[in-house]
Amino acid sequence: MNYMPGTASLIEDIDKKHLVLLRDGRTLIGFLRSIDQFANLVLHQTVERIHVGKKYGDIPRGIFVVRGENVVLLGEIDLEKESDTPLQQVSIEEILEEQRVEQQTRLEAEKLKVQALKDRGLSLPRADTLDEY
Amino acid sequence: MEGVGQPAKMKCLEGPHLNQGPAKSCGSLAPEKELVSASHLEEEEENEEGEEDLDPDPDLAPGPEEEEEEEDEKDLGDPAVLSAVHNTQRGGLSSPGIKIPDVLGMSPTSLHFLWQTLDYLSPVLFRPKFPSANSPACHFGHQLLLPDPSLFCSLPTSWPPKFSLPSHLTQLHPQHQRLLQLQQHSRMQSPPAKKPWSQQPDPYANLMTRKEKDWVIKVQMVQLQSENPRLDDYYYQKYYQKLEKKQADDELLGRKNKVESLKLVTPYIQKAEAYESVVRIEGSLGQVAVSTCFSPRRAIDAVPHGTQEQEAGAASSQRLRVLHHIEKMFLQLLEIEEGQKDGPPQPCYSEQQSKQVEKLFLALKTQEQNNLEEAADGFLQVLSVRKGKALVARMLPFLPQNQAVSLLLAITHHLPLLVRRDVADQALQMLFKPLGRCISHLTFHELLQGLQGLTLLAPGSSERPVTVVLQNQFGISLLYALLSHGEQLVSLDSSLEKSNSDYTTWTDMVVLIAWEIAQMPTASLAEPLTFPSNLLPLFCHHVDKQLVQQLEARMELAWIY
């Protein structure tokens, strides 16, 4: 803020641990090392965190370079409060399995929904024909 | 129970970093904290001997409880420590020293540290029963706050915690503001020297250098600059005015700490002068697109702007003109060939075609030059180009004899020059066949004219053109063709021998050429494309035996092939 008062800038966030949410739904946690005018980010010691219910799993990813337009939001992580979470960390295999199960149940529910609508003569528009925004 | 009020206090404080539930008020945060800790507790239930009332009451009215709690909580430190404190209290009924290791499983050194902090904080915590008449508070007494052991383990490294204060300009939720204030106070009260475990120095820090940061800021600032900020950045300007006014008022009212608010100052950068969006580099074809901020990917115009710069030197322009001329003539030739019916090209009979051919011939021969010399020069220039040779070769069959002869004569007269210029292309050969056909229709006189050009000494050179010609394949082939034809003419028409002047010239030339051939080292003698059979007899007629033998020896090479 002391650099550019009245504006938002990522300069102050450099070398701090951040949680970055991407447009494709991924959650990355890493130290923000470098930025540019497009808010492209360089994340160091990045970990991809997958959340399923109350559990989460971390996949270490190393260094990430993220194109600015793909970031939804990012926020600084308070290091001492970081571990103060009600969520339970599990192994990578477990969380991926959980994710798969969740995906499956979701798809099945979706299928049922679509079927139910079809029975009533309605149809949901396909996602790819919808406008993204 | 005495400890009733205190857990409530602590829970309230732990509100800020709760990540559950939408409830904002302090009181209702507390039961949620219970929910949170419940999950921790499940694991450690076995360890606990105390009662656990995991029955949070979210409908609790925060009300007055809140106010009271907050007042007293100002001095409390980190919630984790407080939880530990609570534990000691709880277990402190007997011997806390034993209790804690069982519960927390910590190493003695860290315990020691804990005791230190606890000692410090204990006067605050071990206060008399909290006069909270409200029964809901009693609920909490039964709650057990057992922090995660990992929390403690992390404590040493993160103590004192890094805390970035939001600037006074940021608008915070009043709750948030209060909580942050509390934390701030607590930090101020704890001795700042207590830093046995400071943050490990980050080895990867400052990967982005100051220069780079400044550069990014500069780029961002440039984007913000404007001629008229009151118009472009209306809201920020108004906001800043309001802020300044408020600060001025505060100062008037006597508020001591007047913080100078920073204003965003964008750099004034001179707007670039009219730039060249399209750059032409000399000698290149086309244009180079320069990307600027106004046109990052500008399309190159297909139409050239303005005048192209003058070609350097007359030589290149001359060459281009010649090439251009050749192209034009070639188009004419193609038309003629198109008009010609299937079959070998021959002098055409249709009116239109003859006109076309005439036109083409004139174009070639005269090149719209008034000066004969220049015209000849133009013709030679055309012949210097490979395409020009192809043009003449394809054009010759269409030409009437007289015109063809004129071309032939021009070629023979300048044969050395053409030979020299052809070194790179080696394309004169394509002229041989059409010229050969032309030669076969030559008159004796014309033939002599042609040969004269070769035998006459050029001014300023000791060498006869023949010498050069003999060393070139095309040259020697043409020469042999001419000689052969001459011999044929002579043998066929005995009357030629009568016309003395021509015949003498002929014999002289034959002798001269024979002598030149004899003079030439065998190696440099070029191999002709065709070797006419009547050459040796020709030489026999005119030269002595010895010479003939020499000639034979040299020409034997050609015999074999």
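Just so it is clear, the model here is predicted, and its values are computed rather than measured. Residue numbers restart at each chain and count upward from 1, following the sequence in its written direction. Chain letters and ligand numbers both follow the written order, the letters beginning at A and the numbers at 1. With the structure being a predicted model, the display of local features is reserved for residues of pLDDT at least 70 and the display and counting of side-chain atom pairs for 80 or more, all residues being used for whole-chain, interface and lining totals. For the side-chain quantities, the full set of heavy atoms in the structure was used; hydrogens and water were omitted.

Some points on the overall build of chain B
Then step 1. Assigned secondary structure in chain B consists of 25 helices and two strands.
Then step 2. Long-range contacts, defined here as pairs at least 24 residues apart, represent 74% of the contacts in chain B between residues at least 6 apart.
Then step 3. Working definition of accessibility: Shrake-Rupley area with a 1.4 Å probe, residue cover restricted to the visible protein chains. Within the structure as shown, chain B displays about 32700 Å² of accessible surface, and the carbon and sulfur contribution to it stands at 56%. Secondary structure is summarised from DSSP: a helix means a run of H or I of at least four residues, a strand means a run of E of at least two, and numbering begins at the N terminus for each. Contact between two residues is taken to exist if any of their heavy atoms lie within 4.5 Å; hydrogens are not considered.

Focus on the packing of helix 14 (residues 351-366) of chain B against helix 17 (residues 401-413) of chain B
All names here are of chain B.
Then step 1. Following both chains from N to C, one finds helix 14 and helix 17 inclined at 20°, their axes separated by 12 Å at the closest point. With respect to helix 17, the axis of helix 14 lies roughly parallel. For helix 14 against helix 17, the interelement crossing comes out left-handed. Contacts between helix 14 and helix 17 involve Glu358, Phe361, Leu364 and Lys365 on the former and, on the latter, Gln403, Ser406 and Leu407.
Then step 2. Partitioned by chemical class, the residues of the contact of helix 14 with helix 17 number three nonpolar, two polar and two charged. Whenever a helix is involved, its axis is fitted only over the stretch in contact; in every case the axis is a line through C-alpha atoms, and angles between N-to-C directions fall within 0 to 180 degrees. Here is the rule for angles: anything less than 35 degrees is roughly parallel, anything more than 145 is roughly antiparallel, 65 through 115 is roughly perpendicular, and the remaining ranges are oblique. Left-handed describes a crossing whose near helix is turned anticlockwise from the far helix through less than a right angle; right-handed describes the clockwise counterpart. When residue character is reported, Ala, Val, Leu, Ile, Met, Phe, Trp, Tyr, Cys and Pro are called nonpolar, Asp, Glu, Lys and Arg charged, and the others, Gly included, polar.

Points about the pattern of salt bridges
As a working rule, side chains carrying opposite charge can pair if their charged atoms are close by.
Then step 1. For this document, the term salt bridge refers to a Lys or Arg side-chain nitrogen within 4 Å of an Asp or Glu carboxyl oxygen. All chains considered together, the criterion is met by 14 salt bridges over all chains.
Then step 2. A salt bridge links Lys81 of chain A to Asp78 of chain A; the shortest N-O distance between them is 3.8 Å.
Then step 3. Overall, the relative accessible area of 30% leaves Lys81 of chain A in the partly exposed class.
Then step 4. Within this structure, Asp15 and Arg33 of chain A together with Asp202 of chain B form a network of salt bridges that share partners. Only protein chains enter the accessibility calculation, which uses a 1.4 Å probe; a residue is then buried when its area is under 20% of its type maximum, exposed when over 50%, and partly exposed in between.

Things to note about unusual backbone geometry
Then step 1. Although it is not a glycine, Ala39 of chain A adopts a positive phi angle of roughly 60°.
Then step 2. Checked against the element boundaries, Ala39 of chain A lands in the loop between strand 2 (27-35) and strand 3 (41-52).
Then step 3. Its identity as a non-glycine residue notwithstanding, Asn206 of chain B has a phi of 60°, on the positive side.
Then step 4. Note that Asn206 of chain B resides in the loop between helix 9 (174-189) and helix 10 (210-224).

What to know about the sheet that holds strand 4 (residues 55-66) of chain A
All names here are of chain A.
Then step 1. Reading across the sheet, the six strands line up as 5-1-2-3-4-6 and stay open at both edges, with mixed pairing between neighbours. In the strand order of this sheet, the two ends are held by strand 5 (71-76) and strand 6 (88-90), each with one partner. Going from strand to strand, the sheet's axes swing by 40° on average, the running direction of each strand aside.
Then step 2. Note: two strands are recorded as paired if DSSP finds a minimum of 2 bridges between them. For strand 2 and strand 3, the ladder comprises six bridges, and the chain directions are antiparallel.

Some words on the confidence of the model for chain B
All names here are of chain B.
Then step 1. Values of pLDDT, the confidence the predictor places in each residue, fall between 0 and 100. Predicted confidence across chain B gives a mean pLDDT of 67, with 55% of residues reaching 70 or more.
Then step 2. Taken element by element, the predicted model of chain B shows its lowest mean pLDDT in helix 8 (residues 149-158) (40) and its highest in helix 16 (residues 386-395) (90).
Then step 3. With pLDDT under 50 throughout, residues 1-106 is counted as low confidence; its partners more than four residues away or in other chains account for 183 contacts.
Then step 4. In this model residues 193-198 is a low-confidence stretch, pLDDT under 50, and it forms seven contacts with partners more than four residues away in sequence or in other chains.

Topic: the pairing of strand 3 of chain A
All names here are of chain A.
Then step 1. Most of strand 3 is tucked away: nine of the twelve residues are buried.
Then step 2. Between strand 2 and strand 3, which follow one another and run antiparallel, lie five residues, and Ala39 among them has a positive phi close to 60°.
Then step 3. Bridge analysis of strand 3 against strand 4 gives ten bridges, and the strand direction is antiparallel. By the bridge assignment, Val42 is partnered in strand 4 with Val65.

Observations concerning the packing of aromatic side chains
Residues and elements named next belong to chain B.
Then step 1. We call Phe, Tyr and Trp rings a pair once their centres come within 6.5 Å, taking the six-membered ring for Trp, and we label the pair stacked below 30 degrees between planes, edge-to-face above 60, and tilted otherwise. For the structure on display, the rule yields four aromatic pairs over all chains.
Then step 2. Each ring, one from Tyr234 and one from Tyr235, has its centre 5.2 Å from the other, and the planes form 85°; the classification is edge-to-face.
Then step 3. On the basis of an interplanar angle of 80° and a centroid distance of 5.5 Å, the ring pair of Tyr480 and Phe531 is categorised as edge-to-face. Taken together, the residues Tyr480 in helix 22 (residues 473-492) and Phe531 in the loop between helix 23 (500-519) and helix 24 (535-542) connect sequence positions 51 residues apart.
Then step 4. We call a charge positioned above a ring when the Lys NZ or Arg CZ atom is no farther than 6 Å from the ring centre and deviates by at most 35 degrees from the ring normal. Its end group placed over the ring of Phe330, Lys387 keeps NZ or CZ at 5.1 Å from the ring centre.

Things to note about the side chain of His485 of chain B
Residue and element names in this part refer to chain B.
Then step 1. Inspection of the secondary structure puts His485 in helix 22.
Then step 2. On the basis of relative accessibility, which here comes to 6%, the residue His485 falls in the buried class.
Then step 3. Those residues within four positions of His485 in sequence are excluded, and the remaining contacts are Ile439, Ser440, His441, Leu442 and Leu447.

Quick notes on the nonpolar core
All names here are of chain B.
Then step 1. Within this scheme, the nonpolar core is defined by two criteria: the residues are buried Ala, Val, Leu, Ile, Met, Phe, Trp, Tyr or Cys, and they are joined through side-chain atoms within 4.5 Å. Among the nonpolar cores identified, the biggest contains 80 residues, and Leu451, Leu483, Trp506 and Phe539 are the most heavily contacted of them.
Then step 2. Looking at this core element by element, the count peaks at ten residues for helix 22.
Then step 3. If you look at the next biggest cluster of nonpolar residues, it comprises 21 residues, including Val216, Ile217, Met221 and Tyr236.

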